[in-house]
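# A look at the structure
Listed below are the residues making up each chain.
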Amino acid sequence: MRHVVVILDGAAGWPIEALGDRTTLQAAATPHLDALAREGVVGLARTIPIGEEPSSAAACASILGYDPVRDRVGRGAIEAASMGIELAPGEVALRLNLVTVVNGVMRSYSAGHITTEESHTILGELAEEFAADERFEFHPGVAYRHVMVVKGHPELMETAFTPPHDIPDKPVAGHLPKGPGAAVLLALMERARPVLSGSEVNARRRSAGRLPATDVWPFWPGVAPAGLVPFGELRGASAALTSGVDLLRGLATLTGIERLDIPGVTDGPDNDYTAQVQGALAALDEHDVVVVHVESPDEAGHGGDVSAKIAAIEAIDREVVARLRERRGKLRILALPDHPTPIALRTHVDEPVPFVLHGPGLTGPSAAAYSEPDAGGTGLVVDPGSELMGMLLLP
């Protein structure tokens, strides 16, 4: 038996008045997910333990079958692993966003969705500015997401941070780093500001009417992990994963899951969904489990874009789930968001997410459609969400 996990990142959410008090999952046309729900097992899963930060790191670790508390790895370290960065003792990796702050307000957590090429140029300018300071290393990532490694300041693990996507269109005052290590980062942020202001990249963005990257925003620290059991050893199955973001690729690296490098897979609406699912299906020739992670619904949720979120959900249903259904009878499927990203908040919440399990040998309550209310109506709740992987892999 072969297995596919589809993670519709951030696809769940809250009812929206403009949609007739429906969620984006309810409003989206998802005939293939709905068919899975009618034929399969539907319920809610708590992928984020109560009291934990509702991050994709915790949620996706749960979906992969790990305990996000016991097996916790700081997200900076996960993304560093994705880039092939080996952290030495005493080094802390942090996520580093390029953001837009105007008059003290967080206008954009992504610097207007700056391109990878543009942001790599800016990271190079930052590296040049800080070249004489051996404490800092800048590692360019995808679009606005980067990694900074800091040497000699392990106290950063005790610093309090606010992710920039948690404060859209809100004052940044009160959300800057606090506690041990904060002074180091605040000084770095101040020193970086004129570098960004003088960048030719930002000059061109302003001329084109696009938001410039005005600031760097460090958060999500992590150190080199130890003791994480490889997926194959934990589950007795080989696995591969495809994603357009460093977080999932880093989780794959740390858990011994093969990373699929499929051309056209991105973190946004330009993602080549067809290439992604075709690459995933091809990988089933050599693996028991393939994880297909799609970031686009979450990006739309953070942007507060209802239409884009619906379009992303529909694209996953039309291009990914439809092709998986063609192999029904020979394949087990688990489909779910990692966490909700409500349009009203434009950030994550820790509420349970709707899931559907479909395939031979799986039994349990079904539903008329795939949505938050339909899943809640079955009465099936999987808590902790890490148990879903075991349910998918039942002999």
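Check the entry above for the structure.
Below, the structure is looked at part by part. In this text the structure is predicted, and so the values were computed from the model without any measurement.

This brings us to the packing of aromatic side chains. For any pair of aromatic rings, the description rests on two quantities: the centre-to-centre distance and the angle between the ring planes. All chains considered together, the criterion is met by 4 aromatic pairs. Between Tyr-109 and Tyr-144 the ring centres are 5.5 Å apart and the planes differ by 90°, which places this aromatic pair in the edge-to-face class. Separated by 35 residues along the polypeptide, Tyr-109 in the loop between strand E4 (105-108) and helix H5 (116-129) and Tyr-144 in the loop between strand E5 (136-142) and strand E6 (145-151) bring together distant segments of the chain. By the burial criterion, Tyr-109 is buried, and Tyr-144 matches it. Ring centres 5.5 Å apart and planes at 50° place the aromatic pair Phe-130 and Phe-138 in the tilted group. In textbook terms, an aromatic cluster arises when at least three aromatic residues are bridged by ring pairs, as seen for Phe-130, Phe-136 and Phe-138. In this structure, Arg-191 is placed above the aromatic ring of Phe-130, and the distance from its NZ or CZ to the ring centre is 4.3 Å.

Taking 1.5 Å per residue, 14 residues should reach 20 Å; H5 reaches 20 Å between its end C-alpha atoms and fits that length. Listing the buried residues of H5 in full gives Glu-118, Ser-119, Ile-122, Leu-123 and Leu-126. Buried residues of H5, seen end-on, are gathered within an arc of 135° and therefore sit on one face of the element. In H5, the exposed positions that point more than 90 degrees away from the buried face belong to Glu-117 and Glu-128.

Looking now at the packing of H5 against helix H7 (residues 200-207). Two numbers describe how H5 lies on H7: the axes approach to 9 Å, and their chain directions differ by 145°. Where H5 approaches H7, its residues Glu-118, Thr-121, Ile-122 and Glu-125 are matched on the opposing element by Glu-200, Val-201, Asn-202 and Arg-205.

Here we take up the packing of helix H10 (residues 273-283) against helix H12 (residues 306-325). For the pair H10 and H12, interaxial distance at closest approach is 9 Å and the crossing angle is 30°. Here H10 lies roughly parallel to H12, going by the angle between them. Where H10 crosses over H12, the handedness of that crossing is right-handed. Contacts between H10 and H12 involve Tyr-273, Thr-274, Val-277, Gln-278 and Leu-281 from the first element and Ala-312, Ala-315, Ile-316, Glu-319, Val-320, Arg-323 and Leu-324 from the second. Here the contact of H10 with H12 is composed, by residue class, of 8 nonpolar, 2 polar and 2 charged.

Rules used in this analysis
Residues numbered from 1 in each chain as written. Predicted model: local features only at pLDDT ≥ 70, side-chain atom pairs only at ≥ 80, totals over all residues. Heavy atoms only, no water. Phe/Tyr/Trp six-rings, centres within 6.5 Å; stacked < 30°, edge-to-face > 60°. Helix = DSSP H or I, 4+ residues; strand = E, 2+ residues; numbered from the N terminus. Buried < 20%, exposed > 50% of the residue type's maximum accessible area, 1.4 Å probe, protein only. Lys NZ or Arg CZ within 6 Å of the ring centre and 35° of its normal. Expected span 1.5 Å × (residues − 1). Arc of directions from axis to C-beta. Axes fitted to C-alpha atoms, helices over the stretch in contact; angles between N-to-C directions. Contact = heavy atoms within 4.5 Å. Parallel < 35°, antiparallel > 145°, perpendicular 65-115°, else oblique. Left-handed = near helix turned anticlockwise from the far one by under 90°. Nonpolar A, V, L, I, M, F, W, Y, C, P; charged D, E, K, R; others polar.

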